[in-house]
Amino acid sequence: MALHGRHLLGIEELSGDDIKLILTTSRSFREIFTRAIKKVPTLRGKTVINLFFEPSTRTRSSFEIAAKRLSADTINFNVSSSSIVKGESLIDTGRNLQSMAPDIIVVRHTDAGAPHLLARCCKGLSIVNAGDGMHEHPTQALLDALTILDHKNKIGGLKVAIIGDIAHSRVARSNALLLKKLGAEVWICGPPTLIPLEIRQYGVQVTFQMKEALEDADIIMMLRTQKERQKEVFYPSVKEYSILYGLNKQKMKWAKKTAIVMHPGPINRGVEIDPELAEGEYSVILEQVTNGVAVRMAVLYLLLGASEEMEA
Amino acid sequence: MTLLLRGGKIIDPSQRLEQVGDLLIQRGRISGFGKIPARKTWTVLEARNWIVAPGFIDMHVHLREPGREDEETIESGSRAAAAGGFTSIVCMPNTRPINDSASITRYVLERAREVGLVNVFPAGAITKESKGEELAEIGEMVNAGAVAITDNGNGVQNNQIMRRALEYSRIFDIPVVDHCEERNLAAAGCMNEGPRSTRLGMPGMSRAAEEVHVARDVILSRITGGRAHIAHISTRESLEWVRQAKKQHIPVTCEVTPHHFVLSEEDITSYDTNFKMNPPLREPADRKAVLKALADGTIDSIATDHAPHTQFEKEETFEAAANGIVGLETAVPLAWEFLIRRNLLTPLRLVELLSTTPNRILKLGRGTLSEGAIADVTVIDPEREMKVDVEKFKSKSRNSPFGGWVLHGIPVFTIVAGKIVHSASA
């Protein structure tokens, strides 16, 4: 098994084949969700620790449900950012957890590279990156890809517009990497203050105009605006941001009629997306959440290499 | 003691001297060079094929004492300097407490005298507690032995304070050493803002943060006549500002670190915190500009910015880790390997950067092998190879990205006032 014994630190380290394997496996797991008993014994006796240094409800719950549906034991280790001020360092936390012999540590951290640091210091287990700073959020990109495949049956050749605060977004980076690996045409759009230097190294197109990004787009990915950014003079007001870069019905007309609207959540209603759109016919936002569980099951399963037991 | 260095290649830019010959040291001073027959009572060092140069001067060292003796002490830092071929070091004032008064300056000098290895020249703070608000008692520190002033690590944010410091420094004819970093532009950056920071998803520090202050210092040096010295210069545009200033005879000088002429941000591949320093590693084009500026005279000095940190301060995420790397014990071999062996500089020019010009900027009365001068001498074996082993550093700290690198050009003897303070057995 190509992923057995590895870490999942980012999309960067995955090959196109790795990605396809994860997506195929995710689909087969999704079938379990429709059963009366939504649980298989595949990872019985395995331990998964969710180590979250950043508040998160959906990603943590999603990993937890994924592990539980595979019969793994899960422990949630939440470290609020306020309590790490002068406490145990990340590396000491990692070593302590390692001593309890878990099989996987799922980590989210405010700093880029935190999962990489854990991967270097914790031996004999796999690290899964559940979001590190502004760097990567690989399972998000994978669940987005699965959702796109459900609707379009392909990724190559599609025009995907990623819109919003690109600079601070790990979701944008992981998606750009994955979508380019699978051959999509990716457009990055947002105010210049929120587009990082040399983003073109990802092979993406860049525009400050929403019309250009949306024109003939198959996929529209709206990113969450972080309200605290306003203080850092990235844009004058939430209202103006919404006018320039919020998605509404009017702007939807620029995209293909068959376009789908995605969002990694949680949504700021009325800021980056009109509530009507978020709940309307184009929206696949809740499907993304469902696929999140399937993709995370596939990741845990493949990293632990439990293939033979799958039929059980 | 009388010491005869026999048959070395003597390189002394202060006399435009480059010749094979003997160098005689008596009573701590240079007493002659040329062809000198040895006498029985003298200690003779065979220096054939070795470079004999005026003692190297590192203008930028953090010794951490007082306050952070777990990272480095005046003693361990002095040993590291001697092992690295430096006979004189200038120690930065950002200790705990900050060296912003004559009493701290005297303390540092007293400790250095007790250690008695290399010359330690303290730099005092520009402002009280380096807060950037009020001038420190600069005159008292200079009287106590400070050779420069700097708010190193902070950078002077207030332009008027910088102007006053440059004006006031003229009384003592000392350089005002500036860590150029405009804090708002630097923001929370932990590496250069560029292609790599985007890729690695880390907050970048704009090059403009440095350049705005370099430009400011050029402007203020021009109107005040004070000598601004730009510490650890790192960008192409900063160098261009200094180049233009020099053309206009504005008294601005600058130094560069070995890591900025050897590495670039492209070397940051795995969140290894030994590549985190401030100013950060820049882009390859900046490194290229640094190499050009080393050759054309825009850069005056190579200084290490030796910044020892304990392991726990570096065993962190890149964003949370401390800035800086140790440099005293790798600077000379790195310079030899990357500047001389690659034919970018002549040995004469390198000695100028490591000894002659730093002495001229700081007026230390060193940096020469002329007859009667204090016998501070660095001897290099240009052919000897070394594999950098951080565990063998004399420094208390191990934070170097160069562990395992194979380098040539090793300091084999370090001589301070006629006394051998370091010798490397072959």
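Rules behind the numbers
- Residues numbered from 1 in each chain as written.
- Chains lettered and ligands numbered in written order.
- Predicted model: local features only at pLDDT ≥ 70, side-chain atom pairs only at ≥ 80, totals over all residues.
- Heavy atoms only, no water.
- Helix = DSSP H or I, 4+ residues; strand = E, 2+ residues; numbered from the N terminus.
- Rg over C-alpha atoms; globule rule 2.2 N^0.38 Å.
- Buried < 20%, exposed > 50% of the residue type's maximum accessible area, 1.4 Å probe, protein only.
- Contact = heavy atoms within 4.5 Å.
- Lys, Arg positive; Asp, Glu negative; His and termini not counted.
- Charge placed at Lys NZ, Arg CZ, Asp CG, Glu CD.
- Phe/Tyr/Trp six-rings, centres within 6.5 Å; stacked < 30°, edge-to-face > 60°.
- Lys NZ or Arg CZ within 6 Å of the ring centre and 35° of its normal.
- Buried area = accessible area lost by both parts, 1.4 Å probe.
- Salt bridge = Lys/Arg side-chain N within 4 Å of Asp/Glu carboxyl O.
- Polar contact = N/O pair within 3.5 Å; in protein donor to acceptor, adjacent residues only side chain to side chain.
- Pairing = 2+ DSSP bridges.
- Axes fitted to C-alpha atoms, helices over the stretch in contact; angles between N-to-C directions.
- Domains from an automatic or database assignment.
- Nonpolar A, V, L, I, M, F, W, Y, C, P; charged D, E, K, R; others polar.
- Expected span 1.5 Å × (residues − 1).
- pLDDT = per-residue confidence, 0-100.
- Parallel < 35°, antiparallel > 145°, perpendicular 65-115°, else oblique.
- Core = buried A, V, L, I, M, F, W, Y, C linked by side-chain atoms within 4.5 Å.

### Re the overall build of chain B
Now for step 1: The helix and strand inventory of chain B stands at 13 helices and 18 strands.
Now for step 2: The C-alpha atoms of chain B give a radius of gyration of 20 Å, which matches the 22 Å a tight globule of 426 residues would have.
Now for step 3: With the principal axes as the frame, chain B shows a C-alpha extent of 65 × 45 × 45 Å.
Now for step 4: The 426 residues of chain B split such that 67% are buried.
Now for step 5: Within chain B, counting contacts between residues at least 6 apart in sequence, those at least 24 apart form 75% of the total.
Now for step 6: Here chain B contributes 51 positive and 55 negative side-chain charges, whose respective centroids are spaced 6 Å apart.

### Concerning the packing of aromatic side chains
Now for step 1: For the structure on display, the rule yields eight aromatic pairs over all chains.
Now for step 2: Relative to B:Trp405, the ring of B:Phe402 lies with its centre 4.9 Å away and its plane at 85°, an arrangement referred to as edge-to-face.
Now for step 3: Its guanidinium or amino end placed over the ring of A:Phe33, A:Arg69 lies 4.7 Å from that ring's centre, counting from NZ or CZ.
Now for step 4: The cationic tip of B:Arg199 hangs over the ring face of A:Tyr202; the distance from NZ or CZ to the ring centre is 4.5 Å.

### Observations concerning the interface of chain A and chain B
Now for step 1: Between chain A and chain B, the contact holds 25 residues from the first and 16 residues from the second.
Now for step 2: The contact between chain A and chain B buries some 1,700 Å² in all, and 50% of this surface belongs to carbon and sulfur atoms.
Now for step 3: If you look at where chain A meets chain B, you find two salt bridges.
Now for step 4: Across the contact surface, chain A and chain B share 10 residue pairs in polar contact (both at pLDDT 80 or more).
Now for step 5: Elements with a minimum of two residues in the side of chain A that touches chain B: helix H3 (90-98), helix H4 (114-121) and helix H6 (170-181) of chain A.

### Structural notes on the sheet that holds strand S6 (residues 185-189) of chain A
Residues and elements named next belong to chain A.
Now for step 1: Taken in spatial order, the five strands of this open sheet run S7-S6-S5-S8-S9, and their pairing is parallel. The sheet is open, and its two edges are formed by strand S7 (205-207) and strand S9 (260-262), each paired on a single side. Strand-to-strand twist in this sheet, taken as the mean axis angle between neighbours without regard to direction, amounts to 20°.
Now for step 2: Along the sheet, helix H5 (residues 138-152) makes contact with strand S8 (219-222) and S9, crossing S9 at roughly 165°.

### What about the pattern of salt bridges?
Between side chains of opposite charge, pairing is possible as soon as their charged atoms come close.
All names here are of chain B.
Now for step 1: Summed over all chains, the structure comprises 47 salt bridges over all chains.
Now for step 2: For the salt bridge of glutamate 237 with arginine 236, the shortest nitrogen-to-oxygen distance reads 3.4 Å.
Now for step 3: Of the residues examined, arginine 236 reaches a relative accessible area of 41% and is grouped as partly exposed.
Now for step 4: Of the charged contacts in the structure, one is a salt bridge between lysine 246 and aspartate 300, with a shortest N-O distance of 2.6 Å. A residue pair is termed long-range when its members are at least 10 positions apart, and lysine 246 in helix H8 (residues 236-247) and aspartate 300 in the loop between helix H10 (284-296) and strand S15 (301-302) qualify at 54 residues.
Now for step 5: Each of Arg207, Glu211, Arg236, Glu237, Glu283 and Asp286 takes part in salt bridges that share partners, so that together they form one network.

### Some words on the domain arrangement of chain B
Residue and element names in this part refer to chain B.
Now for step 1: By domain assignment, chain B separates into domain 1 (2-51 + 373-423) and domain 2 (56-362).
Now for step 2: By the criterion of area lost to domain 2, the three top residues of domain 1 are Lys396, Asn399 and Phe402, representing 18% of everything that side buries.
Now for step 3: Between arginine 16 and glutamate 352 there is a salt bridge, with its nearest N and O atoms 3.3 Å apart.
Now for step 4: Applying the counting rule to domain 1 against domain 2 returns 20 residue pairs in polar contact (both at pLDDT 80 or more).
Now for step 5: Looking at the side of domain 1 that touches domain 2, the elements with two or more residues in it are strand S1 (2-12), strand S2 (17-26), strand S16 (377-387), strand S17 (406-416) and strand S18 (419-423).
Now for step 6: For the side of domain 1 that touches domain 2, the element with the most residues is S17, which contributes nine residues.
Now for step 7: Of the residues belonging to the side of domain 1 that touches domain 2, the class tally is 20 nonpolar, 10 polar and 10 charged.

### Remarks on helix H7 (residues 207-224) of chain B
Think of an α-helix as 3.6 residues a turn; residues three or four steps apart then line up on the same face.
All names here are of chain B.
Now for step 1: With 18 residues, H7 extends 26 Å between its outermost C-alpha atoms, agreeing within 8% with the 26 Å of an ideal straight helix rising 1.5 Å per residue.
Now for step 2: Within H7, 13 of the 18 residues are buried, which leaves the element mostly enclosed by the surrounding structure.
Now for step 3: For H7, the side-chain oxygen to backbone nitrogen distance between the N-cap and alanine 208 is 3.0 Å, and the N-cap itself is serine 206.
Now for step 4: Within two residues after H7, glycine 225 carries a phi angle of roughly 80°, on the positive side.

### Brief notes about the confidence of the model for chain A
Now for step 1: Averaged over all residues, the pLDDT of chain A equals 92, while 93% of them reach at least 70.
Now for step 2: With pLDDT under 50 throughout, residues 308-312 of chain A is counted as low confidence; its partners more than four residues away or in other chains account for five contacts.

### Overview of the sheet that holds strand S1 (residues 47-52) of chain A
Residues and elements named next belong to chain A.
Now for step 1: The sheet built from four strands is open, its strands ordered S2-S1-S3-S4 with parallel pairing. Since the sheet does not close on itself, it has two edges, and those belong to strand S2 (73-78) and strand S4 (126-132), each with one partner. Sheet twist, expressed as the average angle between the axes of neighbouring strands with direction ignored, equals 15°.
Now for step 2: In this sheet, strand S3 (residues 104-109) lies alongside S1 in parallel orientation, the contact comprising five bridges. Counterpart to valine 48 in the pairing with S3 is isoleucine 104.
Now for step 3: Contacts from helix H11 (residues 285-304) reach S1, S3 and S4, with the element oriented near 130° to S3.

### Comments concerning H6(A)
Residue and element names in this part refer to chain A.
Now for step 1: In a regular helix each residue adds 1.5 Å, so 12 residues correspond to 16 Å; H6 covers 17 Å between its end C-alpha atoms and thus fits that length.
Now for step 2: Counting buried positions over the 12 residues of H6 gives 10, a clear majority of the element.
Now for step 3: Residues of H6 that are buried include every one of Arg170, Val171, Ala172, Arg173, Ser174, Asn175, Ala176, Leu177, Leu178 and Leu179, and no others.
Now for step 4: The backbone nitrogen of valine 171 lies 3.3 Å from a side-chain oxygen of the residue at the head of H6, namely serine 169.

### Digging into the packing of H8(B) against H10(B)
Helix-helix packing is described using two parameters, namely the angle between the two axes and the distance between the axes.
Residue and element names in this part refer to chain B.
Now for step 1: One way to put it is that H8 packs onto H10 with a least axis distance of 8 Å and a crossing angle of 25°. In terms of orientation, H8 lies roughly parallel with respect to H10. Contact with H8, carried on its side by Arg236, Glu237, Leu239 and Arg243, involves Ala285, Asp286, Ala289, Val290, Lys292, Ala293 and Asp296 of H10 and no other residues of that element.
Now for step 2: Considered class by class, the residues forming the contact of H8 with H10 number five nonpolar, no polar and six charged.

### Description of the nonpolar core
Now for step 1: Counting residues in hydrophobic clusters, the biggest one holds 93 residues, and the most contacted among them are B:Phe86, B:Ile89, B:Phe261, B:Leu294, B:Ile299, B:Ile302 and B:Leu339.
Now for step 2: A per-element tally of this core places helix H12 (residues 331-340) of chain B first, with eight residues.
Now for step 3: Split by domain, this core shows at least three residues from each of two domains, domain 1 (2-51 + 373-423) and domain 2 (56-362) of chain B.
Now for step 4: In contact with B:Ile89, not counting residues within four places along its chain, are B:Asp58, B:Val61, B:Leu63, B:Gly77, B:Ala81, B:Val118, B:Asn119, B:Val120, B:Phe121 and B:Leu328.
Now for step 5: Among the nonpolar cores identified, the runner-up in size contains 67 residues, and A:Leu23, A:Phe33, A:Val40 and A:Leu158 belong to it.

### Overview of the pairing of S1(B)
Residue and element names in this part refer to chain B.
Now for step 1: Of all 11 residues making up S1, nine are buried, and the element is well covered by its neighbours.
Now for step 2: Note: S1 against S2, nine bridges, orientation antiparallel. Bridge pairing in S2 links aspartate 12 to leucine 17.
Now for step 3: With antiparallel pairing between neighbouring strands as the criterion, S1 and S2 make up a hairpin whose turn holds four residues, including arginine 16 at a positive phi of roughly 50°.
Now for step 4: Inspection of the sheet shows S1 paired to strand S4 (residues 43-46) by four bridges, in the parallel sense. Looking at the pairing, leucine 4 lines up with valine 44 of S4.
Now for step 5: Direction of pairing for S1 relative to strand S5 (residues 51-54): parallel, over a ladder of two bridges. Across the sheet, the residue bridging to isoleucine 10 is valine 52, located in S5.

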